[in-house]
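Observations on the model geometry
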Amino acid sequence: MGVGWLSGVTVVLPPVGTVGSVDVRGGGPGTHETDALDPTTLVSTVDAVVLTGGSAFGLASAGGAQLWCEEQGRGFAVPGTVVPIVPAAAIFDLGRGGDVKARPGADMGYQAAAAAFASGDHAAVERGNVGAGTGAVVARGQFKGGIGTSSITLDGGVIVGAIAVVNAMGAPVFGAADLQPSARSVVPPQGLNTTLVVIATNAVLDVAECKRTASAGHAGLARALDPSHTLADGDTVFALATGAVGLDRSTEQARQVSLITLQSAAAEAVRLAILDGVLAAESVSTAAGVFPRYRQAGE
């Protein structure tokens, strides 16, 4: 990327047949094809999830990821081809590198999908100032944000992980003593914001259960950022289930306990991923300004 750039794309490429849903709660969302993930719609699987910078302009990157999936035969079969289900969500980072026209397009989405595939299964996720987190900031634009991850293992081999792109109006909440006074003060919001999250589990879930898991993830978002879900945030949480490990559904009570346990873990995974994204971010200086890394109290 040339001078003036501070934006990027992250593609989550799940195994073929992965079930997914989404819960959009921010007041200023920029999304693509999220309606297709409603439990009442035709298709239950997700071929890729695109997280992008560039605000609504950056949603064009989803077309590139969709083209890559089509070339690989990933998608809903129709006569002559497949239609990949590729929902996307964007953060607002326009102009943070100095050039308001520097934003992701279809080529960058295609490259991100190809890179996700090339990295292989179980690859370590890059964190900090990468992909969709390249231009992210937090706390009303005072500090650099980025990409963070977390993973929680439950009994029975169930794993719940999360990846977060932290670009929030709110400040991170590590603990009451850790909040910097300046992050809590009334500073005018710098543009629009948004935190994007993808929860992923190896459990067997249907679309409605994924929807509820995405909803639970918003609790973790609210715990990690203060304030959250504001009018100027487009906070969006996706939930994906690969279906490798069955939950205990032997009785109705067992089913409820299994789902509540998983969804509680999802909320905690989201909280940890968001805080990880803030801590992994590095200071950046561009023509648009200086975005220092967030320092916890005592540093």
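Residues numbered from 1 in each chain as written. Predicted model: local features only at pLDDT ≥ 70, side-chain atom pairs only at ≥ 80, totals over all residues. Heavy atoms only, no water.

Time to look at the overall build of the protein. Counting its regular elements, the protein contains six helices and 17 strands. Computed over C-alpha atoms, the radius of gyration of the protein comes to 18 Å, within 12% of the 19 Å expected from 2.2 N^0.38 for 299 residues, which places it in the range of a compact globule. Of all 299 residues assigned to the protein, the portion counted as buried reaches 52%. The long-range fraction of contacts in the protein, counting pairs at least 24 apart against all pairs at least 6 apart in sequence, stands at 81%. Carbon and sulfur atoms form 55% of the exposed surface of the protein, whose accessible area is close to 12300 Å². If you average the places of the 17 positive and of the 25 negative side-chain charges in the protein, the two averages end up 7 Å apart. (Helix = DSSP H or I, 4+ residues; strand = E, 2+ residues; numbered from the N terminus. Rg over C-alpha atoms; globule rule 2.2 N^0.38 Å. Buried < 20%, exposed > 50% of the residue type's maximum accessible area, 1.4 Å probe, protein only. Contact = heavy atoms within 4.5 Å. Areas by Shrake-Rupley, 256 points an atom, 1.4 Å probe, with all protein chains shown as cover. Lys, Arg positive; Asp, Glu negative; His and termini not counted. Charge placed at Lys NZ, Arg CZ, Asp CG, Glu CD.)

Across all of its chains, the model carries zero disulfides by this definition. Here Cys69 stays free of any disulfide, with the sulfur of Cys210 as its closest cysteine sulfur at 18 Å. Cys210 sits in the buried class, given a relative accessible area of 0%. (Disulfide = S-S within 2.5 Å.)

Next up on the list: the pairing of strand E4 (residues 49–52). Across the two faces of E4 the burial is the same, with Val49 and Leu51 and Val50 and Thr52 all buried. Inspection of the sheet shows strand E1 (residues 9–12) paired to E4 by four bridges, in the antiparallel sense. Pairing of Val11 across the sheet is with Val50, part of E4. Relative to strand E7 (residues 88–90), E4 is paired through three bridges, and the arrangement is parallel. (Pairing = 2+ DSSP bridges.)

Attention now moves to the pattern of salt bridges. Following the criterion strictly, the structure yields six salt bridges and no others. Two residues, Glu209 and Arg255, come together in a salt bridge whose shortest N-O distance is 4.0 Å. Pair noted here: Glu209 is in helix H5 (residues 207–224) and Arg255 is in helix H6 (residues 252–280), with a separation of 46 residues, a long-range link. A residue is classified by how much of its surface remains accessible, and Arg255, at 28% relative accessible area, is partly exposed. Among the salt bridges present, the one from Arg255 reaches Glu252, with a minimum N-O distance of 2.9 Å. In this pair, Arg255 and Glu252 both sit in helix H6, three residues apart, roughly one turn of the helix. (Salt bridge = Lys/Arg side-chain N within 4 Å of Asp/Glu carboxyl O.)

Moving on, we come to helix H3 (residues 106–119). With 14 residues, H3 should cover 20 Å at 1.5 Å per step; its first-to-last C-alpha distance of 20 Å lies within 8% of that length. Listed as buried for H3 are Gly109, Ala112 and Ala113. Buried positions in H3, seen along its axis, are confined to an arc of 100° and lie on one side of it. Facing away from the buried side of H3 by more than 90 degrees, the exposed set consists of Asp107, Gln111 and Ala118. Tucked inside the fold, the buried residues of H3 contact E1 and helix H2 (61–71). Backbone geometry just downstream of H3 places Gly120 in the positive-phi region, at approximately 80°. (Expected span 1.5 Å × (residues − 1). Arc of directions from axis to C-beta.)

Spatial ordering of the open sheet is given by E1-E4-E7-E3, a layout of four strands whose pairing is mixed. The open sheet is flanked by E1 and strand E3 (31–32), the only strands paired with a single partner. Of the strands in this sheet, E1, E3, E4 and E7 touch H2, which is tilted by about 150° from E4. (Axes fitted to C-alpha atoms, helices over the stretch in contact; angles between N-to-C directions.)

Val160, Ile199, Leu205 and Ile274 are the most contacted members of the largest nonpolar core, which has 38 residues in total. Elements that contribute at least two residues to this core include exactly strand E11 (159–167), strand E13 (194–203), H5, strand E15 (236–245) and H6. Top contributing element to this core by residue count: H6, with ten residues. Those residues within four positions of Ile274 in sequence are excluded, and the remaining contacts are Ala164, Val166, Thr195, Leu221, Ala224 and Leu225. (Core = buried A, V, L, I, M, F, W, Y, C linked by side-chain atoms within 4.5 Å.)

Turning our attention to the packing of aromatic side chains. The description of an aromatic ring pair uses the distance of the two centres, along with the angle that the planes make with each other. The full count for this structure, using the stated rule, is three aromatic pairs. Centre to centre, the rings of Phe143 and Tyr294 are 4.9 Å apart; their planes meet at 80°, and the pair counts as edge-to-face. In this pair, Phe143 is assigned in strand E9 (residues 143–144) and Tyr294 in the segment after strand E17 (289–291), connecting sequence segments 151 residues apart. The class of Phe143 is buried, set by a relative accessible area of 8%. Site record: aromatic cluster; members linked through ring pairs are Phe143, Phe174 and Tyr294. Looking at Arg103, its charged tip hangs above the ring of Phe57, at a distance of 3.6 Å from the centre. (Phe/Tyr/Trp six-rings, centres within 6.5 Å; stacked < 30°, edge-to-face > 60°. Lys NZ or Arg CZ within 6 Å of the ring centre and 35° of its normal.)

Our next topic: the environment of Ala287. Summarising the element assignment, Ala287 is placed in the loop between strand E16 (284–286) and E17. On the accessibility criterion, Ala287 (75% relative accessible area) is exposed. Expressed as a C-alpha distance, the spacing of Ala287 and Trp5, which sit 282 residues apart in the sequence, is 9.8 Å. For Ala287, the residues in contact, after removing those within four places along its chain, are Gly97 and Gly98.

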